[in-house]
Structure formats: C-alpha cells, structure tokens
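Residue-level structure breakdown
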Amino acid sequence: FSDNKNYSLNDALNKFKPKYIIVCPGINAALYMNKDVYISELNKFIDFMSTNYKDITVSFVSIFPITTGTLSLSYQENINKFNYYLAEVCHNRGVNFINFADEVKAASGYADGSYFECTSDLNCGFHLNTAGKNKYIDYACLFTDGLEVIGVNINKKNTYSKLLIDEEYEVLEYSNHI
C-alpha cells in the first residue's frame, strides 16, 4: 500500500472497504489438506465474510495448474479435484467461482508455461509471471466492475494482495502483504 504498512485481512477490509474480494485457496491446499478440512475452511471463510462483511462480494478463483517439469505431475489431478470441491462449495453457498485455471492450461491439461515463472525467490512453475498476472487481472475484471479488489490467499499466515484497478482496467496499485 502507499503507506508501506502491512495490514491484517480485517484491517485491510475495514480500511479500504473493497466492493469485491477474490479468494484463491492456493496450491498448498490441494497438496497438503484433506478434502474435509479444505471444505470446512472454505465454509468458515464464507461464514466469516457473510457475517462480518455483508457489503463485500466474495468470489473464489480456482487453484492454478502446475507446469510439467515442476512438481510431480500427479499433483495436477489433486488440484483438479480440489477445484471441483471449490466449485461445488461455491455453487452450494451461492458464491461466485472464477475458473481461471482453465484460462491458463495448455492442451495437455497442465499449465501453459508462458504464463508462469521460476525465480530464485519462487518455487518453479506455479506462480504467475507478468503475462499471467495481466491475464488474471483481465479475467478477474470480467467478474467485477473493475474498481477495487482485494485478493486473498487462504493460509495460516493470513496473507493477501491488494489490487486497485481503474475504470479502464489499468492497474493503479498491486501489492502483496504477508
């Protein structure tokens, strides 16, 4: 944020009062959680938001696919299953589901490597590069009015990203908060 401060999710929601929140469970959910815990955590978050932030529209975005040559390819099957569970919870709870995974998959069913990067700071092949981030922003704007979105990666660290977009879908600000 422009004030260079880190905020808890509650503080960020209260301070910036976004109209939308886009939640991405993240790859670790599919790799390390069991189905029942995953579904329970999704429902807890939906309950929390519907109780405490009734004016914010919650959307969930699918877990991103992996590229070949990164993690074991068998993980993609689990990611697909967890995206199905996510879509099912969203359907049952009346919450928006954004299936971005299919937008960045190659014909092989794995991630299209042109949208992902590998750096010394990131694990290879399942973090978006600039092209992937731009595609994500463009796709997310189809489900919002394009003004302000706070994106959340559900994990024990309560991290989130802030994304401000103007009426022409130009990024005004993007920042990660851990």
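In this report, the structure presented in the accompanying data block is examined. What you see is a predicted model; the values in this text were computed from it and never measured. Note on numbering: residues in each chain are counted from 1, in written sequence order. Given that the model is predicted, a residue must reach a pLDDT of at least 70 before its local features are reported, and side-chain atom pairs must reach 80 or more before they are shown or counted; all residues, however, enter totals for whole chains, interfaces and linings. As a rule here, side-chain values come from all non-hydrogen atoms in the structure, and water together with hydrogens is ignored.

Things to note about the pattern of salt bridges
Any carboxyl oxygen of Asp or Glu that lies within 4 Å of a side-chain nitrogen of Lys or Arg is treated as forming a salt bridge with it. Under the counting rule described, the total for this entry stands at four salt bridges. Lys105 serves as the salt-bridge partner of Asp102, at 3.9 Å between the closest nitrogen and oxygen.

Examining the packing of aromatic side chains
To pair, rings of Phe, Tyr and Trp, with the six-membered ring standing in for Trp, must have centres within 6.5 Å; the planes then decide the type, stacked if under 30 degrees apart, edge-to-face if over 60, and tilted in the middle. For the structure shown, the criterion picks out ten aromatic pairs. Both rings, one in Phe45 and one in Phe60, keep their centres 6.2 Å apart while their planes meet at 75 degrees; by these two values the pair is edge-to-face. Taken together, the positions of Phe45 in helix α3 (residues 35–52) and Phe60 in strand β2 (residues 57–61) put the pair 15 residues apart, joining distant regions of the chain. Considered together, Phe45 and Phe60 belong to a single accessibility category, that of buried residues. With centroids separated by 6.4 Å and ring planes inclined at 70 degrees, the aromatic side chains of Tyr84 and Tyr85 adopt a geometry described as edge-to-face. An aromatic cluster of at least three residues, connected via ring pairs, comprises Phe64, Phe100, Phe116, Tyr136 and Tyr139. A run of H or I in DSSP becomes a helix once it reaches four residues, and a run of E becomes a strand once it reaches two; helices and strands are each numbered from the N terminus. A simple rule labels every residue: compare its accessible area, found with a 1.4 Å probe on the protein chains alone, to the largest value its type can have, and call it buried under 20%, exposed over 50%, or partly exposed in between.

A closer look at the pairing of β2
Of all five residues making up β2, four are buried, and the element is well covered by its neighbours. In this sheet, β2 lies alongside strand β1 (residues 20–24) in parallel orientation, the contact comprising four bridges. Opposite Ile22, over in β2, you have Ser59 as the bridge partner. Between any two strands, pairing holds if DSSP finds at least two bridges.

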